[in-house]
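Listed here are the chains, written in short residue letters.
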Amino acid sequence: PNPSTDKITISFNEKIIEPFSIQISDNLGKTIFSKNYFNESEININTSSFSKGIYFVTSVINEKKQTQKLIIQ
């Protein structure tokens, strides 16, 4: 859900079989979460320790980046 309070779920239409990464950055560009994944179609990330604010979630798959805004309440 967006806005979120304690966790986010990232879903893909199909399982991503090659290695990829998820990064979460604050509004100043500082990376506060980064993890590599492999063979996943859904990822849950605990955000309960994040301060309230605006963040950016970036997925990097096959060198292609996609970024979404995330609001933590």
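Keep in mind it's a predicted model, so treat the numbers as computed, not measured.

## As for unusual backbone geometry
Stage number 1. The phi torsion at asparagine 39 lies on the positive side, around 60°, for a residue other than glycine.
Stage number 2. Its location among the elements puts asparagine 39 in the loop between strand E3 (31-37) and strand E4 (40-46).

## Some remarks on the side chain of serine 21
Stage number 1. Inspection of the secondary structure assignment puts serine 21 in strand E2 (residues 20-26).
Stage number 2. Not counting the four nearest positions on each side in its chain, serine 21 is found in contact with Lys35, Asn36, Thr58, Ser59 and Val60.

## Considering the nonpolar core
Stage number 1. Judged by nonpolar contacts, the single largest core of 16 residues is most densely connected at Ile10, Phe12, Phe20, Ile22, Ile43 and Ile45.
Stage number 2. Listed by contribution, the elements that provide at least two residues to this core are strand E1 (7-16), E2, E4, strand E5 (53-61) and strand E6 (64-72).
Stage number 3. Here this core takes 4 residues from E1, the largest share from any one element.
Stage number 4. What phenylalanine 12 contacts, discounting residues up to four positions off in sequence, is Phe20, Ile22, Glu40, Ser41, Ile43 and Ile61.

## Section: the sheet that holds E5
Stage number 1. Spatial strand order, E3-E2-E5-E6: 4 strands in an open sheet with antiparallel pairing. The strands lining the two open edges of the sheet, one partner per strand, are E3 and E6. Here the average twist between neighbouring strands, direction ignored, is 15°.
Stage number 2. Bridge analysis of E2 against E5 gives 7 bridges, and the strand direction is antiparallel. Residue pairing for E5: aspartate 26 is matched across the bridge by tyrosine 55.

## Some words on a nonpolar patch on the surface
Stage number 1. Taken together, the side chains of Ile54, Phe56 and Ile71 present a nonpolar region at the surface, about 210 Å² in accessible area.
Stage number 2. Inspection of the secondary structure puts isoleucine 54 in strand E5.

## Structural notes on the side chain of serine 25
Stage number 1. Along the chain, serine 25 falls in strand E2.
Stage number 2. The buried category is assigned to serine 25, whose relative accessible area is 14%.
Stage number 3. Here serine 25 is in contact with Lys30, Thr31, Ile32, Tyr55 and Phe56, once residues within four sequence places are set aside.

## Remarks on the environment of aspartate 6
Stage number 1. Counting through the fold element by element, aspartate 6 comes out in the segment before E1.
Stage number 2. Classification of aspartate 6 by relative accessible area gives partly exposed; the value is 46%.
Stage number 3. For the pair aspartate 6 and threonine 47, spaced 41 residues apart in sequence, the C-alpha separation works out to 4.8 Å.
Stage number 4. With near-sequence residues (within four places) excluded, aspartate 6 lies in contact with Ile45, Asn46, Thr47 and Ser48.

Quick notes on the rules
Residues numbered from 1 in each chain as written. Predicted model: local features only at pLDDT ≥ 70, side-chain atom pairs only at ≥ 80, totals over all residues. Heavy atoms only, no water. Helix = DSSP H or I, 4+ residues; strand = E, 2+ residues; numbered from the N terminus. Contact = heavy atoms within 4.5 Å. Core = buried A, V, L, I, M, F, W, Y, C linked by side-chain atoms within 4.5 Å. Buried < 20%, exposed > 50% of the residue type's maximum accessible area, 1.4 Å probe, protein only. Pairing = 2+ DSSP bridges. Axes fitted to C-alpha atoms, helices over the stretch in contact; angles between N-to-C directions. Patch = residues over 30% accessible without salt bridge, like charges linked within 9 Å, V, L, I, M, F, W, Y side chains within 5 Å. Areas by Shrake-Rupley, 256 points an atom, 1.4 Å probe, with all protein chains shown as cover. Salt bridge = Lys/Arg side-chain N within 4 Å of Asp/Glu carboxyl O.

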